[in-house]
Amino acid sequence: MGKTLCKLAKKGELKEIAEAARTARFICKKCGRTAEDRKSLCSPVPVEEL
Ligand SMILES: [Zn+2]
């Protein structure tokens, strides 16, 4: 797995996270992180399913 937003969050890269959250379509079930691309999350689910 590449570098997920979940990992970036732990490193405090908030700018990248804020940008991803703007167009978020997936949410990480494990960490509560949001992203446009499911590959950016470690345990993604589409936001429409919640
Ligand atoms: Zn995660």
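Here the structure is a predicted model, which means the values were calculated and not measured.

Novice: Help me understand the overall build of the protein in this model?
Specialist: The helix and strand inventory of the protein stands at two helices and three strands. Mapped from its N terminus to its C terminus, the protein presents α and β elements in the order α-α-β-β-β. Against the 2.2 N^0.38 benchmark of 10 Å for 50 residues, the protein shows a C-alpha radius of gyration of 10 Å, consistent with a compact globule. If one aligns the C-alpha atoms of the protein with their principal axes, the spans along those axes are about 30 × 20 × 15 Å. Counting the 50 residues in the protein, one finds 24% classified as buried. Pairs at least 24 residues apart make up 21% of the contacts formed inside the protein by residues separated by at least 6 positions.

Novice: So what exactly am I meant to see when it comes to the sheet that holds strand β1 (residues 26-28) here?
Specialist: Across a sheet, strands are paired by hydrogen bonds formed along the backbone, either parallel or antiparallel in direction. Reading across the sheet, the three strands line up as β2-β1-β3 and stay open at both edges, with antiparallel pairing between neighbours. The sheet is open, and its two edges are formed by β2 (34-35) and β3 (44-46), each paired on a single side.

Novice: Just checking my understanding: could you explain the nonpolar core for this structure?
Specialist: One broad trend across soluble globular proteins is that nonpolar side chains are buried collectively. Formed by L5, C6, F26, I27, C28, A35 and L41, the largest nonpolar core amounts to seven residues. Of the residues forming this core, the biggest block, three residues, is contributed by β1.

Novice: Looking at this model, I keep getting lost on the environment of E19. Mind explaining?
Specialist: The topology assignment puts E19 in helix α2 (residues 14-22). The class of E19 is exposed, set by 12 C-beta atoms lying within 10 Å. Separated by 17 residues in sequence, E19 and E36 place their C-alpha atoms 9.5 Å apart.

Novice: What should I look at first to understand the environment of V45 in this one?
Specialist: Topologically, V45 is positioned in strand β3. Sequence separation between V45 and R25 is 20 residues, and the spatial gap between their C-alpha atoms is 8.6 Å. Other than its neighbours up to four places away in sequence, V45 contacts F26, I27, K29 and L50.

Reading the values: rules and limits
Residues numbered from 1 in each chain as written. Predicted model: local features only at pLDDT ≥ 70, side-chain atom pairs only at ≥ 80, totals over all residues. Helix = DSSP H or I, 4+ residues; strand = E, 2+ residues; numbered from the N terminus. Rg over C-alpha atoms; globule rule 2.2 N^0.38 Å. Buried ≥ 20, exposed ≤ 12 C-beta atoms within 10 Å, placed from the backbone. Contact = placed C-beta atoms within 7 Å. Pairing = 2+ DSSP bridges. Core = buried A, V, L, I, M, F, W, Y, C linked by C-beta atoms within 7 Å.

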